[in-house]
Each structure stands twice: as C-alpha cells, then as structure tokens.
Amino acid sequence: MGFFGGWGRLRASGGKFSRRVQLLFGFHEPAGVNLSTGIKFQLVEFSSNREVRLVQAALFLLVYLAALTGNLLVVAVTVLDRRLRAPMYFFLGHLSVLDLCYVSATVPQSVHNALTDRRSISLPGCVMQVLSVITFACSELFVLTAMSYDRYVAICRPLSYESIMAPGACGKMASASWLVGVLIGSLNSAGTFSLPFCGPTDLRRFFCDVPSLLKISCSESHLLEDVTLILGSLLGFLCLGLIAASYARILGAVLRMPAAEGRAGAFSTCLPHLVVVALFVSTVIVAHLKPLSDPPSTPDLLVSVFYAVVPPALNPLIYSLRNRDVKAALEKLVGGIFSPKR
C-alpha cells in the first residue's frame, strides 16, 4: 500500500471519515458527483504503456530509497555524534527530517499506483497530500534561509557567531520554520477544499496539488486561496532574497581572501547550495504560477518531479555528505555497525 493507503481503508468503513473531511473543509457536493460514497481524484499517468510505468516506478523507488538512506544517515550522525553540535549541523538535521517527510508525501503513492495500474487517490488522501507537500516545502525553504544566515554569520561575522547563533536562537528559528509551514499548509488546504468541484476529477500532476485542484473547481472565486497564495509567494520571495543576500555577502568576503585555496573551498561549498535552492524555488514558482496545459504536458510533469522528488535526494549529497566532519562521523557510525566486536 502507498503512504496514504490507510486513509482509503478508513474511508471504506461506511464513508464516515471522508464525510467528516468534507464537512471540516466545507467541501460542497456539486451535481453529478456523489461525495457521500467518497470522491476519488484521478492522478495523471506518466505513460499509458505499462512497461514505461514500471520503469517510472522503479526509478522513483530508487530515488526514494536513496533519499531515505541519505537523510536517515544525516539525522543519525547529527543526533548521535557529539562532535556535530554546531548550529550548521542542527539545521542539517531539521532539513533531513523535512526531506524525509516531503518525499514520503508523494513518491510512495505514485509508485503504488504505477505498480497496481491505478490512478486514483481518495479525498482524505488528497487532503493530506496537499497539506503535507505545502507544509514541508515551506518549512524547508525557511530552514534553508536559516542555514544561509548561519553561514553568513560564520564567515562574515565570526567574532559574534557564538552570541548570534546561540542554541536558543537556533531553536526559535527552527520552530518558526515548522510553524510557518504548518500555517501556510493549513490555509492552502482549507482554501482549496472549501471550493466546490464539478465534473471529471482528473488532476494534472502525479500527486494532489493546489493548481490542479483549482483547475477542476466549479467556483470562479477563491478568495482565501488567492490571499494564501499571495502571502506564500511574498514569504517565498522574502526567503529567496535573504538567501541571495547572505550568499552575496559570503562570496564578497571569499573574494577578499588572500589564499586561493580558501576561495576555491568556499566557492565549492556555496555554489552547489545556490544551485539546489535555485532549482527548488524556481520549479515551485513555475509549478504554481504557470497555467496548466490541457491535456497534461511533459514539461508540467517534469516540473512537478523536479520540485517534489529531486531536492530530497540531492540535499544530503550537497549539504551533508560533502562535509568532512559529516563524512568522518558517517565512517565512524558505519564502521561501528559493520565491524566485528572484539
């Protein structure tokens, strides 16, 4: 079963849970759609050819396992190794937890549907998928912003680093990242599922997302969703601006370094971070602001893959596994597991 398969079992027991979700979000019952028996949304397939779908499922499964392995290892070493107690590793641990949750919200369901020749997802499953994707994506963007600020303080204001990035301040930044993500995710979910849905329930993505759901809504007016979209966009651009400003200051400080080796090392660290952030933010913006094509196009699918699947698999490599301290901690952890006890 997929990650949200349990929701289908709950809905099947008389449809009571599905109805509660409909009432909670104000989900209306338009003509021609019987919500009392539990509406099902139809997710897009990558291909009508079963062999191609099996290849897609295999690739998604490999990426998912790589993301799980990499992020779980990072969480393990940041928790278990006492040497990794700096603020940078504290935020890396939060980033890895968010990546685990983020990739688990979409990929298992897609793999399950491809292997079982299904396209459907229940209403409660769709609600939880929208809530999860937006919550974890927003929280991840705020954590990335905190990480860029941490690097800025470490390189540009080293004498004040311990006082600025004190444990209490880091805890507040991490808590704010999670809370803002939950708030934006809840508002988006409530605004989207308070709208009436008519006719075919075919979505334009391989998972439930807000643009696809708005596309099949009967209502021309969705004030709450518009306000939430504007708020989320402003916060997203604010985070992107802060990240760009932090790395601009860092690069300026690096260019003033007298040693060429130090400049090369700093560039090799900063540039991959910027590439990952730019890829993540740009694909999210395109996915939510670009009008969806009808029928679903290959670029639409690729955009959704690049912001829902690729970042959780790349982040451990870019942010953690290239770090000497993290690699040393991993070698110690793996060596302790597999080496025979004397």
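Everything here concerns the structure above.
Each chain carries its own residue numbering, running from 1 in the direction its sequence is written. Thresholds applied to this predicted model are a pLDDT of at least 70 for local features of residues and 80 or more for the giving and counting of side-chain atom pairs; totals over whole chains, interfaces and linings are not thresholded and use all residues. The side-chain numbers reported here are obtained from all heavy atoms of the structure, hydrogens and water having been left aside.

Undergrad: Account for the overall build of the protein chain, with residues named and values stated.
TA: Within the protein chain, the regular secondary structure consists of 14 helices and 2 strands. Within the span of the protein chain, comprising 342 residues, buried residues form 47% of the whole. Two residues qualify as a contact provided that any one of their heavy atoms is within 4.5 Å of a heavy atom in the partner residue. Excluding contacts between residues fewer than 6 apart, the proportion of contacts in the protein chain whose partners are at least 24 apart in sequence is 77%. With residues, only the protein chains shown are counted as cover, and all accessible areas are computed by Shrake-Rupley using a 1.4 Å probe. When the accessible surface of the protein chain is summed, it comes to about 16,400 Å², and 68% of that surface belongs to carbon and sulfur atoms. By definition, any uninterrupted DSSP run of H or I lasting at least four residues is a helix, any uninterrupted run of E lasting at least two residues is a strand, and each is numbered from the N terminus. Remark: exposure states derive from per-residue accessible area (1.4 Å probe, protein chains only) relative to the maximum for the residue type, with buried under 20%, exposed over 50%, and partly exposed in between.

Undergrad: Requested: an account of the nonpolar core, with residues and values cited.
TA: For our purposes a nonpolar core is just a set of buried Ala, Val, Leu, Ile, Met, Phe, Trp, Tyr and Cys residues, chained together by side-chain atoms within 4.5 Å. Within the largest apolar cluster, 61 residues are counted, with the highest numbers of intra-cluster contacts made by Tyr102, Met147, Phe206 and Tyr319. Sorting elements by how many residues they give to this core places helix α6 (residues 123-156) first, with 11 residues. Apart from residues no more than four positions distant in its own chain, Met147 is found in contact with Phe91, Leu92, Leu95 and Tyr319. Leu43, Val127, Ile134 and Ile216 belong to the second largest nonpolar core, which has 18 residues in total.

Undergrad: Quick one: what's the story with the environment of Val305, residue by residue and with numbers?
TA: Counting through the fold element by element, Val305 comes out in helix α12 (residues 298-308). Separated by 245 residues in sequence, Val305 and Phe60 place their C-alpha atoms 9.7 Å apart. Among residues more than four places away in sequence, those in contact with Val305 are Phe46, Phe60, Phe206 and Val310.

Undergrad: Hey, could you go over the state of the cysteines for me, with residue numbers and the actual values?
TA: The disulfide criterion is simple: two cysteine sulfur atoms within 2.5 Å. Applying the stated rule across the entire model yields 1 disulfide. Disulfide pairing places Cys126 opposite Cys208 at an S-S distance of 2.1 Å. Across the S-S bond linking Cys126 and Cys208, the dihedral sits near -120°, which makes this disulfide left-handed. Highlighted residues: Cys126 in helix α6 and Cys208 in the loop between α8 (167-193) and α9 (210-215), separated in sequence by 82 residues. Owing to a relative accessible area of 0%, Cys126 belongs among the buried residues under this scheme.

Undergrad: Give me the lowdown on the packing of aromatic side chains, citing residues and values where you can.
TA: When the centres of two rings from Phe, Tyr and Trp lie within 6.5 Å, Trp using its six-membered ring, the rings pair. Their planes under 30 degrees apart give stacked, over 60 give edge-to-face, and anything left gives tilted. The tally for this structure, following the rule as stated, stands at 7 aromatic pairs. Ring centres 5.5 Å apart and planes at 75° place the aromatic pair Phe46 and Phe60 in the edge-to-face group. Pair noted here: Phe46 is in the loop between β1 (40-42) and α3 (50-80) and Phe60 is in helix α3, with a separation of 14 residues, a long-range link. Here Phe46 falls in the partly exposed class, since its relative accessible area comes to 28%. Residues Tyr149 and Tyr152 carry aromatic rings whose centres are separated by 6.1 Å and whose planes lie at 40° to one another, so their mutual orientation is tilted.

Undergrad: Account for the packing of α12 against helix α13 (residues 310-320), naming residues and giving values.
TA: For any two helices packed against each other, the geometry is given by the interaxial angle and the distance between the axes. Fitted lines through C-alpha atoms give the axes, limited to the stretch in contact for helices. The angle between two N-to-C directions lies from 0 to 180 degrees. Interaxial distance between α12 and α13 falls to 4 Å at its minimum, and their mutual angle equals 35°. Together, Val305, Phe306, Tyr307 and Ala308 of α12 and Val310, Pro311 and Pro312 of α13 make up the contact between the two elements. Ten residues, namely Ala, Val, Leu, Ile, Met, Phe, Trp, Tyr, Cys and Pro, are considered nonpolar, four, namely Asp, Glu, Lys and Arg, are considered charged, and the remaining ones, Gly among them, are considered polar. The residue makeup of the contact of α12 with α13, split by class, is 7 nonpolar, no polar and no charged.

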